[in-house]
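# Coordinates in review
Here is what each chain is made of, one letter per residue.
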Amino acid sequence: MTVAGVGLVARQEIRTRLRTGRWRVLMGVWFAVVNGLAVLFRLAIEADQSPGEDSAGVPMFGGVLLAVLVLVLLVAPSLSAQSVNGDRERGTLAALQVTRLTAGEIATGKLAASWGTGLVVLLLTMPSVLWPVLEGAVGVGHAAVVLTVMVLLIGIVCAVSQGWSALVARSITSVLLSYVTVFALLVGTPLLYTLALPLSEGFDGDDHSERVWWLLAPNPVVVLADAAPRLPERRIYLNDRVITQPRSDDLLGSIGHEVRRARLGDQPVDGLPGAWRVQEGGPVWPYGLAFDLALAGGALWISARRLRTPMYHVPRAVRIA
């Protein structure tokens, strides 16, 4: 597999997408809607704040990023869920397969094109995402880490959707399965955790979240929130003492704190029956990101394997050329 071959396939895929002519309108509508909603969200935060409170940039950054993540992950399947079987239905895939391009180059090139398109969709949301950074509410390093994780999550969903496209003969079926996969990651994981938590009850009659926390790890929202660096804690001066506490307006930090707390579980306080110590466990995002990357790697491998020639088993009613 060569970079030149991957780039050739990617450029061809992008040219094919640009020929539709409707992409300018769709991108314009996306830019206006997402950034317009972000402005309204900022105005709502400022209207709800009391005089003297901290900047609205921190809650805006967390809220906008989570909303953008969910929206982009809902758009991503449409970028690659028909990349293989759609070309096969149109009879254009065989034209690539008879060239000197390898199956790996074709699969990786198609993924690069869909992933790049997803990054353009993400790029159009940057005005609202970088607003808190430009006003100093969020550091540049903090934003860079969060955006890097988001870029990886977009690529993961594109790879999984392409895997369904290569595995299933009908494009409508692959699109449906791609959205089911995204739904399972976003909604299914917390639902499974909620159902499994009562089953973790021990002999003491209490739930033990440290036994089922791993069900939350693959969730993209959990990965993004837990990977985000913690913002400086708020200092409260009380007489001669200084008390620090996490920022309550940091949405990403709050989610990460709750997930890490679930990993450690409630720790009893010695000598105080019924009292529990609130502590954080280790990070959760490395496990979730590793699982998601393995899922994407498996989907890319399936895509390359299904693109190999010659084909010995062809699904019924599938057009070859």
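An account of the accompanying structure is given in this report. Remember, it's a predicted structure, so these values are computed and weren't measured experimentally. (Residues numbered from 1 in each chain as written. Predicted model: local features only at pLDDT ≥ 70, side-chain atom pairs only at ≥ 80, totals over all residues. Heavy atoms only, no water.)

## Some remarks on a nonpolar patch on the surface
On the surface, Val25, Val29, Val33, Leu37, Val39, Leu40, Leu43 and Trp131 cluster together into a nonpolar patch covering about 720 Å² of accessible area. No other element matches helix H2 (residues 23-48), which puts seven residues into the nonpolar patch. Inspection of the secondary structure puts Val33 in helix H2. A residue is classified by how much of its surface remains accessible, and Val33, at 44% relative accessible area, is partly exposed. (Patch = residues over 30% accessible without salt bridge, like charges linked within 9 Å, V, L, I, M, F, W, Y side chains within 5 Å. Areas by Shrake-Rupley, 256 points an atom, 1.4 Å probe, with all protein chains shown as cover. Salt bridge = Lys/Arg side-chain N within 4 Å of Asp/Glu carboxyl O. Helix = DSSP H or I, 4+ residues; strand = E, 2+ residues; numbered from the N terminus. Buried < 20%, exposed > 50% of the residue type's maximum accessible area, 1.4 Å probe, protein only.)

## Some words on the packing of helix H6 (residues 103-123) against helix H12 (residues 285-306)
For the pair H6 and H12, interaxial distance at closest approach is 8 Å and the crossing angle is 130 degrees. Judged by the angle between their axes, H6 and H12 are oblique. Of the two possible hands of crossing, H6 and H12 adopt the one that is right-handed. For the pair formed by H6 and H12, the contact residues are Ala103, Gly104, Ala107, Thr108 and Leu111 on the first element and Leu300, Ser303 and Ala304 on the second. (Axes fitted to C-alpha atoms, helices over the stretch in contact; angles between N-to-C directions. Parallel < 35°, antiparallel > 145°, perpendicular 65-115°, else oblique. Left-handed = near helix turned anticlockwise from the far one by under 90°. Contact = heavy atoms within 4.5 Å.)

## Brief notes about the side chain of Asn219
With respect to the element layout, Asn219 can be found in the loop between helix H9 (171-196) and helix H10 (220-227). Exposure remark for Asn219: the relative accessible area of 4% places this residue in the buried category. For Asn219, the side chain forms a polar contact with the main-chain nitrogen of Val221, separated by 2.8 Å. Discounting residues that sit within four places of it in the chain, Asn219 has contacts with Leu185, Leu186, Thr189 and Pro190. (Polar contact = N/O pair within 3.5 Å; in protein donor to acceptor, adjacent residues only side chain to side chain.)

Without other data, these values stay purely geometric and don't point to any function.
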